[in-house]
Each structure stands twice: as structure tokens, then as C-alpha cells.
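Here are the chains, one letter per residue:
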Amino acid sequence: MITVGDVEARERHAALTAALRDAARPRMRQIRSMLGAWKPCSPELVDLVEGDLLAFTQRDPAAHGSWREVVGSYRCFRAVLSHRLAHSILGTPLRSDADGSRLRMLARSIAEQSTVETGVEIHPAAVIGRRFVVDHGMGTVIGETASLGDDCYVLQGVVLGSTGIADNPRGRRHPAIGSRVEIGAFARILGPVEIGDDVVVGCHALVQCDIPAGARVSVLNQYQEIRGGTTIGVTAIEVIGEGLLLVRGSGLAHPGLRVEGLSGRHRNATPVVVLDRGSRHLLLGLDATAGKPPAHVRLTAPDGTSASILVPRAAGVRRTRGGGAGSTASQAGAR
């Protein structure tokens, strides 16, 4: 007995098969010359795209639960479908007489055409798990060596990129994103960092360090906080003098609270002195005489959870022209 669900599944399968064929049709002659009998509607590929479609239909309330609406009108879903197609082509074994560089060019041409049509740029070599959703999507960029786990949800303007602009290394230079990660609009995750499972990255956040599983990254005014399920809470940051930073929040008085400054890509510690502390505030002295001024201050509770604070440039870390204490770092910039 054929049920309504069976009919729906057949219609959905037919719609996705047609969409994949349409995306591949302009380049089918090139595809067959390099891959022989490869088909754009293999059961594995259709199943993968169907998972993306159903995730979009279920998770975006604007889709009104209609997969037909998503297939027929959502450009951001088309971007994901085109990526699945280009990535499948890139991973298919070549015919013995085919040129690998031509295959890369073919996959890239499909991805570039999708970028023009959808505004979403996904490199065909990026590895993306099942049930992936790009919502809205305009301006989102996912780099060549990026990877995402299953059930990720990404909004518009998101960049999974490298830390440099030009002359980046050829190896891994993009983030590795875990499963069930949600990334808000205009967030930027840069470099070969590791983002754990179940992380939520808020809108406009800038991430250049590893984030543990289950953490939330959020922007506080122009400052940024990273926290998990911790007793530490940061509510405000205030520059009260040269090299002096006042942090307000909760859970800051614990004697086991560790405070450290981080410079560069969070690899090198720089001195941060706790001048005063209370249950709801910390007064920190920033010292660059022993190295680079800290770019972030990380607060770590005894239970291992932490909050990371972006240090505002207005903090004016003390240093002399020769590196000693005394004069300000802002003298050269004031000229």
C-alpha cells in the first residue's frame, strides 16, 4: 500500500534529481569526458541533498514546512545543492587519460556560477557534513580547507577564512567546525582553529582561537566574550587609565581565578596584573614591557571554564621607546 508519505518522498526525490541535472547540464560534456559514466543524480548524492532540504524545511520557520517552497525559490539552498554537486565531481576518480587540473577547474566553475547566482561562495573542496543549512546566505564565504560537521546552521555574511590576506600557506588555513554548530550573521572565524560541537557563535563575532564544545561566543558592545557553562560572567569593560582595564561581571572574586594575557593568535602569554578584585569587578594592569601587548585577556575559573575578553586599543599599554616602563605607546601614533 502506497501512503501519502511515499508519494511525497517520490516527488521530493524527482524534484531534487531534476535540480541536480539542471545544475550539471551546462557542463555535462566536460563531466563525461573526464568522469565517464558519472551521473549527477546518484542515490548517494540525492540522499545527501535531501537531508539538506529537509533540515532547511524543518529548521527555518519562514519555509512554512514546505520543501517545495525551498526547492523552488530559495537561492541559499541552491548554493548548498551546487556545492554538493561540485564536491562530488571533485572527489570522483578520473578516467585514466583525464587531466586533474581540468577536473578542479570544472568543479570550481560550477561553484563560481553558483556564487554569481546565489551570493554564497563555497569552495568545492570544503568538507561539509550532513543536513547543512545556509539561511539568507548573501555574502557567506567558506574556504577551501574548511570543514563542518553534521547539522550546522549558518547565516548571511559569515566568513570561514584564513588569517592572512595574500600569500597564505597552501596547507590547512581555514577553520574546522564541529557538529550542531550555529553561526550568526557576519561572524568571522579565521585560521586553522578548532570549533567544538554544539557551539553558538553570535552575530558579528570575530574568532581566531579554539572554542570548546558547548560554548557561546557573543559580542558585548564593541567587546567580545567567550564562555561556556561557567560561573564567570562579564557584563562590561571600561578603560579607566593608561594600561588599566576595569572588568565588571560576576564570579570574579574567587581566589582560584586565573588571569592571563594572550597576544597574536592566542599562543603567547603576556603579563596581566590583578590590582584589585571584588565579587563583581576586576582591576587589571596591562604590561607590555616583557613582550607584545595582550590582544585578549582570558579569565579561567577553577572548574576549567573561561571567558575571553578582547582588549580595546584605548587601554594604552605602558611602554617606553626602548621597551621600558614610563612613556606611552600612543606617542608615535599621535604625530
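Residues numbered from 1 in each chain as written. Predicted model: local features only at pLDDT ≥ 70, side-chain atom pairs only at ≥ 80, totals over all residues. Heavy atoms only, no water.

## Quick notes on the overall build of the protein chain
Then comes step 1: A count of helical and extended segments in the protein chain gives 7 helices and 23 strands.
Then comes step 2: Of all 335 residues assigned to the protein chain, the portion counted as buried reaches 45%.
Then comes step 3: Expressed as a percentage of contacts within the protein chain between residues at least 6 apart in sequence, the contacts between residues at least 24 apart total 48%.
Then comes step 4: Surface exposure of the protein chain reaches about 16500 Å², of which carbon and sulfur atoms provide 52%. (Helix = DSSP H or I, 4+ residues; strand = E, 2+ residues; numbered from the N terminus. Buried < 20%, exposed > 50% of the residue type's maximum accessible area, 1.4 Å probe, protein only. Contact = heavy atoms within 4.5 Å. Areas by Shrake-Rupley, 256 points an atom, 1.4 Å probe, with all protein chains shown as cover.)

## Observations regarding the sheet that holds strand β2 (residues 127-128)
Then comes step 1: Ordered in space as β2-β5-β8-β11, the 4 strands form an open sheet in which the pairing is parallel. With partners counted over all chains shown, the strands left at the sheet margins are β2 and β11 (194-195), one partner each. (Pairing = 2+ DSSP bridges.)

## A few points about the side chain of Thr 300
Then comes step 1: Within the secondary structure, Thr 300 sits in strand β22 (residues 296-300).
Then comes step 2: Accessibility expressed as a relative area gives 7% for Thr 300, which makes it buried.
Then comes step 3: Sequence-distant contacts of Thr 300, defined by excluding residues within four places in its chain, comprise Ile 232, Gly 256, Leu 257, Arg 258, Glu 260, Thr 305 and Ser 306.

## Description of the environment of Arg 104
Then comes step 1: Among the structural elements, Arg 104 can be located in helix α6 (residues 100-118).
Then comes step 2: Along the sequence, Arg 104 and His 87 sit 17 residues apart, while their C-alpha atoms lie 9.8 Å from each other.

## Some words on the confidence of the model for the protein chain
Then comes step 1: Model confidence for the protein chain is summarised by a mean pLDDT of 85, while 85% of its residues fall at 70 or above.
Then comes step 2: For the stretch residues 317-335, pLDDT sits under 50, and the model shows 31 contacts to residues farther than four places along the chain or on other chains. (pLDDT = per-residue confidence, 0-100.)

## What about the environment of Phe 132?
Then comes step 1: Topologically, Phe 132 is positioned in the loop between β2 and β3 (133-134).
Then comes step 2: For Phe 132, a relative accessible area of 1% puts it in the buried group.
Then comes step 3: Taking the C-alpha atoms as reference points, Phe 132 and Arg 180, 48 residues apart in sequence, are found 9.4 Å from one another.
Then comes step 4: Residues within four places of Phe 132 in sequence aside, it is in contact with Asp 52, Val 80, Arg 84, Ile 142, Leu 148, Cys 152 and Val 154.

## A closer look at the packing of helix α3 (residues 43-59) against helix α5 (residues 75-90)
Then comes step 1: Orientation of α3 relative to α5, taken along the N-to-C sense of each, is 160 degrees, at an axis distance of 10 Å. Considering the angle they form, α3 stands roughly antiparallel to α5. Once α3 is placed against α5, the crossing between them reads as right-handed. On α5, the residues touching Leu 45, Leu 48, Val 49, Asp 52, Leu 53 and Phe 56 of α3 are Cys 76, Phe 77, Val 80, Leu 81, Arg 84, Leu 85 and Ser 88. (Axes fitted to C-alpha atoms, helices over the stretch in contact; angles between N-to-C directions. Parallel < 35°, antiparallel > 145°, perpendicular 65-115°, else oblique. Left-handed = near helix turned anticlockwise from the far one by under 90°.)

## Topic: the packing of aromatic side chains
Then comes step 1: A complete count under the given rule lists 1 aromatic pair for this structure.
Then comes step 2: Geometrically, the ring pair formed by Phe 56 and Tyr 74 is edge-to-face, given 5.1 Å between the ring centres and 85 degrees between the ring planes. Of this pair, Phe 56 sits in helix α3 while Tyr 74 sits in the loop between α4 (67-73) and α5, placing them 18 residues apart in sequence. Tyr 74 carries the same exposure label as Phe 56, and that label is buried. (Phe/Tyr/Trp six-rings, centres within 6.5 Å; stacked < 30°, edge-to-face > 60°.)

## What about the environment of Pro 40?
Then comes step 1: The topology assignment puts Pro 40 in the loop between α2 (28-35) and α3.
Then comes step 2: Pro 40 sits in the buried class, given a relative accessible area of 7%.

## A look at α5
Then comes step 1: Under the 1.5 Å per step criterion, the end-to-end length of α5 is 22 Å for 16 residues, consistent within 8% with the ideal 22 Å.
Then comes step 2: Those residues of α5 that fall on the buried side of the exposure criterion are Cys 76, Phe 77, Ala 79, Val 80, Leu 81, Ser 82, His 83, Arg 84, Leu 85, Ala 86 and Ile 89. (Expected span 1.5 Å × (residues − 1).)

## Considering the pattern of salt bridges
Then comes step 1: Counted according to the given criterion, the structure contains 16 salt bridges.
Then comes step 2: One salt bridge in this structure joins Glu 182 and Arg 59, with 3.6 Å as the shortest N-O distance. Of this pair, Glu 182 sits in strand β9 (residues 182-183) while Arg 59 sits in helix α3; the two residues are 123 residues apart in sequence, bridging distant segments of the chain.
Then comes step 3: Overall, Glu 182 belongs to the partly exposed group, its relative accessible area being 37%.
Then comes step 4: Taking relative accessible area as the criterion, Arg 59 reaches 34% and is therefore assigned partly exposed.
Then comes step 5: When salt bridges with common partners are traced through the structure, they connect Glu 8, Glu 11 and Arg 68 into a single cluster. (Salt bridge = Lys/Arg side-chain N within 4 Å of Asp/Glu carboxyl O.)

## Remarks on the packing of α2 against α6
Then comes step 1: Remark: α2 packs on α6, axes separated minimally by 11 Å, with the N-to-C direction vectors making an angle of 150 degrees. With respect to α6, the element α2 is oriented roughly antiparallel. The hand of the α2/α6 crossing is left-handed. Residue-level inspection shows Gln 30, Ile 31, Ser 33, Met 34 and Leu 35 of α2 in contact with α6, the latter providing Arg 102, Leu 103 and Leu 106.
Then comes step 2: Split by residue class, the contact of α2 with α6 holds 5 nonpolar, 2 polar and 1 charged. (Nonpolar A, V, L, I, M, F, W, Y, C, P; charged D, E, K, R; others polar.)

## Brief notes about the sheet that holds strand β4 (residues 141-142)
Then comes step 1: Strand order in the open sheet formed by 5 strands is β1-β4-β7-β10-β13, and the pairing between neighbours is parallel. Two strands close off the open sheet at either side, each with one partner strand: β1 (121-122) and β13 (206-207).

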